[in-house]
There are 2 protein chains.
Amino acid sequence: MHFSSKLLEQAVEEFGKLPGVGKKTALRLVLHLLKQSKEDVNRFSQAFTQLKEHIKYCQHCFNISDTSTCEICQSVKRDRATICVVEDTRDVMAIENTNQYQGVYHVLGGLISPMDGVGPSDLRIESLIDRVKQGEVKEVILALSATMEGDTTIFYLYRKLQEFDIEISTIARGIAFGGELEYVDEVTLGRSIMTRVPYERKVG
Amino acid sequence: MHFSSKLLEQAVEEFGKLPGVGKKTALRLVLHLLKQSKEDVNRFSQAFTQLKEHIKYCQHCFNISDTSTCEICQSVKRDRATICVVEDTRDVMAIENTNQYQGVYHVLGGLISPMDGVGPSDLRIESLIDRVKQGEVKEVILALSATMEGDTTIFYLYRKLQEFDIEISTIARGIAFGGELEYVDEVTLGRSIMTRVPYERKVG
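What counts as what
Residues numbered from 1 in each chain as written. Chains lettered and ligands numbered in written order. Predicted model: local features only at pLDDT ≥ 70, side-chain atom pairs only at ≥ 80, totals over all residues. Heavy atoms only, no water. UniProt positions renumbered as here; feature names shortened; annotations may be inferred. Domains from an automatic or database assignment. Phe/Tyr/Trp six-rings, centres within 6.5 Å; stacked < 30°, edge-to-face > 60°. Helix = DSSP H or I, 4+ residues; strand = E, 2+ residues; numbered from the N terminus. Buried < 20%, exposed > 50% of the residue type's maximum accessible area, 1.4 Å probe, protein only. Pairing = 2+ DSSP bridges. Right-handed = clockwise from strand over helix to strand, strands pointing away. Contact = heavy atoms within 4.5 Å. Buried area = accessible area lost by both parts, 1.4 Å probe. Salt bridge = Lys/Arg side-chain N within 4 Å of Asp/Glu carboxyl O. Polar contact = N/O pair within 3.5 Å; in protein donor to acceptor, adjacent residues only side chain to side chain.

Under an unreviewed UniProt entry, chain A has the name Recombination protein RecR and belongs to Sphingobacterium corticis. Of chain A, the UniProt comment under Sequence similarities (unreviewed entry) reads exactly: "Belongs to the RecR family." UniProt annotates chain A under Function (unreviewed entry) with the comment "May play a role in DNA repair. It seems to be involved in an RecBC-independent recombinational process of DNA repair. It may act with RecF and RecO."

Right, dumping it as structure tokens:
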């Protein structure tokens, strides 16, 4: 791609660094921004520098927060004996949206992934152990993705946590509600059959 | 979506304003940015403010440029008697990539689109007429999209330009090279047949 302006090229390059944004999309977005007013562009840019500069992570669960203790950890309604371990903020939001969970969270900040050079020490695992050590915790729910990295992390956490007198659980895996059998992939379907549950226990 | 941080929400909102970027994508991109170093985020933000602040448009063709006259208009190799009228910078880049065109450009900055409130006066049409009036121009190529807006703009420009002693052409429309007939839409195929050209004139 030949750019008529270095500034334009720079802006396109910066956008293109984002995951899933190619050069053509980046150019389209930059040209869209150029059509906006100077104030709009400034507000756009500042949103990110402000976020990066002033972002805080909750000192308990490490969720993104504007205060040193997040809303969830502050709430008296939440059950501090149950910790749900998740990969990142998006997962907290997804679980909060279900309105099913009343415990607190622990945000790992990633998953163990040797391919990407992410080891256990890069994640907030020690602080999770510290929380468990304090003795208040009764159950740790490992709500991680059903991927290779998720499984590896679950296995690692399980080994670390099993010495404590707590329940360790993972979220249920199987076919999604509303999912038709013929479209479910073989691994999921196979595991669903192997991990079948008695009909009485079914939760609607 | 419930955000655990106002700053996060703001950043996601700003991203979400971009065309084709939904809330989920915006959140994914913002969380990606958050993982970058402070310098990277600053460079990202500044690329856009810098662009908006220092961007120049070529005084002749209105293409985006770092100088008051763009590289193409400065070049002695380009034929100033032929002006290719395009919608925006992306089209200039696309045509330049073909290495087929040796004339100069005129960037309209949009297309006539009553639905979006864009009229002829919002585009750089007067300055095109001015360029033609200077008498050096022999041909104007209308290289606009084959859409309703493109056709409307072509028609408007044709009426404005026909009083001058110049050739007015549009780029050829038809089935794409490598395109298989059965997958071509009916309108394109129908028009391709109506506007068929003698075999001898075919340019490889």
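1. A word on the domain arrangement of chain A
The domain boundaries assigned to chain A delineate domain 1 (6-54) and domain 2 (57-170). Taking only C-alpha atoms into account, the centre of domain 1 of chain A sits 33 Å from that of domain 2 of chain A.

2. Examining the packing of aromatic side chains
Across all of its chains, the model carries 13 aromatic pairs over all chains by this definition. When the ring of F15(A) is compared with that of F44(B), the centres are 5.7 Å apart and the planes differ by 80°; the resulting orientation is edge-to-face. On the criterion of chain membership, the pair formed by F15(A) in helix α1 (residues 6-16) and F44(B) in helix α3 (residues 38-54) is interchain, its members lying in two chains. With respect to class, F15(A) is no different from F44(B); both count as buried. When the centroid spacing of 6.3 Å and the interplanar angle of 45° are considered together, the rings of F15(B) and F44(B) count as tilted. Remark: F44(B) occurs in helix α3 and F15(B) occurs in helix α1 (residues 6-16); sequence separation between them is 29 residues. Here the aromatic cluster, defined as three or more aromatic residues joined through ring pairs, consists of F15(A), F44(A), F48(A), F15(B), F44(B) and F48(B).

3. Some points on the pairing of strand β5 (residues 139-142) of chain B
Residues and elements named next belong to chain B. Alignment of strand β3 (residues 79-86) against β5, held across 4 bridges, turns out to be parallel. Its bridge partner lying in β5, T82 is registered against E139. Both β5 and strand β6 (residues 167-170) contribute to a ladder of 4 bridges, which runs parallel. Pairing of E139 across the sheet is with E167, part of β6. Between the parallel elements β5 and β6, the chain passes through helix α7 (residues 148-161) in a crossover that is right-handed.

4. Here's the deal with the UniProt feature "domain: Toprim" (unreviewed entry) in chain A
The UniProt record annotates "domain: Toprim" (unreviewed entry) at residues 81-176 of chain A. Across residues 81-176 of chain A one finds 33% helix and 20% strand; the C-alpha atoms that close the span lie 28 Å apart.

5. Focus on the interface of chain A and chain B
The interface is formed by 55 residues belonging to chain A together with 55 residues belonging to chain B. Across the chain A to chain B interface the summed buried area is about 5100 Å²; carbon plus sulfur atoms make up 68%. Summed over the three residues of chain A that lose the most area to chain B, namely L34(A), F48(A) and K52(A), the buried surface amounts to 13% of that side. Across the contact surface, chain A and chain B share 2 salt bridges. A salt bridge links R43(A) to E14(B), with the shortest nitrogen-to-oxygen separation between them at 3.2 Å. Across the contact surface, chain A and chain B share 15 residue pairs in polar contact (both at pLDDT 80 or more).

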